Amino acid sequence: MNAPLIKRSFDVEAVRAQFPILERTVHGRPLVYLDNAASAQKPEAVIEAMAGAMRGAYANVHRGLHALANETTDAFEGARSTVARFINAPSPQTIVFTKSGTHAINIVAAGLDIQPGDEIVLSVMEHHSNIVPWHFLRERKGAVLKWVDIDDDGVIDPGALDDLMGPRTKLVTLSHMSNVLGVKTRADELIRLAHGKGVPVLLDGCQRVVHGHVDVQALDVDFYAFTGHKIYGPTGIGILYGKPERLAALPPFEGGGEMIDIVERERVTYNEPPHRFEAGTPPILEAIGLKAAIDWFTGQDRGAIEAHEAAIRDRAMAALRGLNWVTLHGQAADKGAIVAFSVEGAHPHDIAQILDRQGVAVRAGHHCAQPLMQRLGVTATARASFACYNRIEEVDVFIEALHKARKLLS
Ligand SMILES: *Cc1c(COP(=O)(O)O)cnc(C)c1O
């Protein structure tokens, strides 16, 4: 492995120079991309890794006895090792390549042994990807969903979680960082409580891996799901981490090539994890792209990135707090660079459209978190979400655009 050089200081312009898309304009204005929690832009290193593989070393993986198949297999399995190191998984065999964060959670949900009356505990601030697979278990197998509430900032009360777990609880599944409120879940304490009752825990880390260090062994978490496209990698790839004994106990999700051991007319046996969960040709180029993204990201000074993003978030929150026509949702102390807000008398969709005319990309809607919207007493919010390549000055462009929107809409 050629380890990337560690950069000791953070230079946002040097980072931006590596993201070609940031040079473009929209509606004649410089692009201010504040929709990173929906999907992040890609650095040249990722674009080149994927294009380079297609140009120079590409074939299907695992089944080949020729040079290109072996080179591609090495690259693909190398990506698995990189992902394992990234979240401090005990071995590459605990890392399953999926097609998305959503797919990763569905693999766990479909594999649990659920009898009518068994319970799944989840929070009200989950992404639909960490809700609907459990609804499937409710509809199809008679599972009972138990919802743990949050306070107004998105913080889960450990006592409330503890009270919800009982002898029928099969799994606790929680967001490790909310895609709406940005709050980071204090997972270690919640996991200890669940394990005290013999209940395994899944964390949805789609947002968290981008905004902080994740160590699945220190967390002692049973399953961890995340996605490639929010961490500067490609779409079409996600990760499911599972403790070896948890993955071993999970039946396959899809059937096809690669996931089998022996196939006969009246009998089939399955491969060991992780391949058991990777039916068909896996996302090869996407895995190579994800490896490049993680190498790129971990090659930056991550402490400096965190400080930079915190400064941007604080500037945005301070500015929004100063506007008596804006409501901020989620002001927890431990929060990533995501700011959800409502503007008095204006629909978030109208706000987003007017911001777009000024080059500012934000998201508006329910953010795939309708139960959270109900909890907040709104139908939708606007959301600005920041990445390492955002300039602090872009906050001011955003706030100025918001003033214009307010004027136009009132
Ligand atoms: C984006 C996101 C997902 C879904 O991930 P995909 O790879 O887009 O399917 C799930 N949970 C959270 C918290 C997310 O932000």
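Quantities reported herein were computed from a predicted structural model and do not represent experimental measurements. (Residues numbered from 1 in each chain as written. Predicted model: local features only at pLDDT ≥ 70, side-chain atom pairs only at ≥ 80, totals over all residues. Heavy atoms only, no water.)

Asks: I'd love a proper account of the sheet that holds strand S6 (residues 144-148), names of residues and values included.
Replies: Read across the sheet, seven strands follow the order S4-S10-S9-S8-S7-S5-S6 without closing on themselves; strand pairing throughout is mixed. Both outer strands of the open sheet, strand S4 (95-98) and S6, are each paired with one neighbouring strand and no more. The sheet shows a mean angle of 20 degrees between the axes of neighbouring strands, direction not considered. Two strands pair when backbone bridges link them, and strand S5 (residues 119-123) and strand S7 (residues 169-175) are joined in this way by four bridges, in the parallel orientation. In the strand pairing of S7, Glu119 is matched with Thr169. Running over the sheet, helix H3 (residues 67-86) touches S4, strand S9 (223-227) and strand S10 (238-242) and is turned about 120 degrees from S4. (Pairing = 2+ DSSP bridges. Helix = DSSP H or I, 4+ residues; strand = E, 2+ residues; numbered from the N terminus. Axes fitted to C-alpha atoms, helices over the stretch in contact; angles between N-to-C directions. Contact = heavy atoms within 4.5 Å.)

Asks: An account of the site of the ligand is requested, with residue identities and associated values reported.
Replies: Around the ligand, the surrounding shell consists of Ser100, Gly101, Thr102, His127, Ser129, Asn179, Asp204, Cys206, Gln207, Thr227, His229 and Lys230. Side-chain polar atom of Gln207 to an oxygen atom of the ligand: 2.7 Å apart, as the coordinates give it. Residue His229 places a side-chain N or O atom 2.9 Å away from an oxygen atom belonging to the ligand. With the chains in place, 90% of the 380 Å² that the ligand exposes on its own is no longer accessible. Taken together, the residues that form the shell around the ligand break down as one nonpolar, nine polar and two charged. (Near = heavy atom within 4 Å. Polar contact = N/O pair within 3.5 Å; in protein donor to acceptor, adjacent residues only side chain to side chain. Areas by Shrake-Rupley, 256 points an atom, 1.4 Å probe, with all protein chains shown as cover. Nonpolar A, V, L, I, M, F, W, Y, C, P; charged D, E, K, R; others polar.)

Asks: Which residues make up the UniProt feature "domain: Aminotransferase class V" (unreviewed entry) in the protein, and what are the values?
Replies: UniProt records the feature "domain: Aminotransferase class V" (unreviewed entry) for residues 32-398 in the present numbering. Secondary structure across residues 32-398 comprises 38% helix and 17% strand; the distance between its end C-alpha atoms is 8 Å. (UniProt positions renumbered as here; feature names shortened; annotations may be inferred.)

Asks: Describe the packing of aromatic side chains, listing the residues and the values that go with them.
Replies: Evaluation of the coordinates by the stated rule reveals nine aromatic pairs. Considering the side-chain rings of Phe76 and Phe97, the 4.9 Å spacing of their centres and the 45 degrees angle between planes classify their relative orientation as tilted. Placement of Phe76 in helix H3 and of Phe97 in strand S4 is noted, with a sequence separation of 21 residues between them. The buried category is assigned to Phe76, whose relative accessible area is 0%. For the pair Tyr232 and Phe297, a centre-to-centre distance of 5.7 Å together with 50 degrees between the ring planes defines the contact as tilted. One end of the pair, Tyr232, is in the loop between S9 and S10; the other, Phe297, is in helix H10 (residues 284-299), with 65 residues separating them in the sequence. Site record: aromatic cluster; members linked through ring pairs are Phe19, Tyr232, Trp296, Phe297 and Tyr389. Positioned above the aromatic ring of Phe136 is the side chain of Arg140, whose terminal nitrogen or guanidinium carbon lies 4.0 Å from the ring centre. (Phe/Tyr/Trp six-rings, centres within 6.5 Å; stacked < 30°, edge-to-face > 60°. Buried < 20%, exposed > 50% of the residue type's maximum accessible area, 1.4 Å probe, protein only. Lys NZ or Arg CZ within 6 Å of the ring centre and 35° of its normal.)

Asks: Give a detailed account of the environment of Asp261, specifying residues and quantitative values.
Replies: As for its position among the elements, Asp261 is in strand S11 (residues 260-263). Between the C-alpha atoms of Asp261 and Trp134, which are 127 residues apart in sequence, the distance is 29 Å. Sequence-distant contacts of Asp261, that is, excluding residues within four places in its chain, are made with Thr269, Tyr270 and Asn271.

Asks: Quick rundown of unusual backbone geometry? Include the residues and the values.
Replies: Here the amide bond leading from Pro273 into Pro274 is cis, since omega sits at 0 degrees, within 30 degrees of zero. Mapped onto the elements of the fold, Pro274 is located in the loop between strand S12 (268-270) and H10. A positive phi is found at His367, a non-glycine position, where the angle reads about 55 degrees. Positive phi, normally seen in glycine, also occurs at Cys368, with a value near 55 degrees. Note that Cys368 resides in the loop between strand S16 (363-365) and helix H13 (370-376).

Asks: Tell me about the pattern of salt bridges, and name the residues and values.
Replies: All told, the structure shown has 22 salt bridges when counted by the stated rule. Of the charged contacts in the structure, one is a salt bridge between Arg363 and Asp35, with a shortest N-O distance of 2.9 Å. Taken together, the residues span a long stretch of sequence, with Arg363 in strand S16 and Asp35 in the loop between strand S3 (32-33) and helix H2 (44-56) at a distance of 328 residues. Taking relative accessible area as the criterion, Arg363 reaches 38% and is therefore assigned partly exposed. (Salt bridge = Lys/Arg side-chain N within 4 Å of Asp/Glu carboxyl O.)

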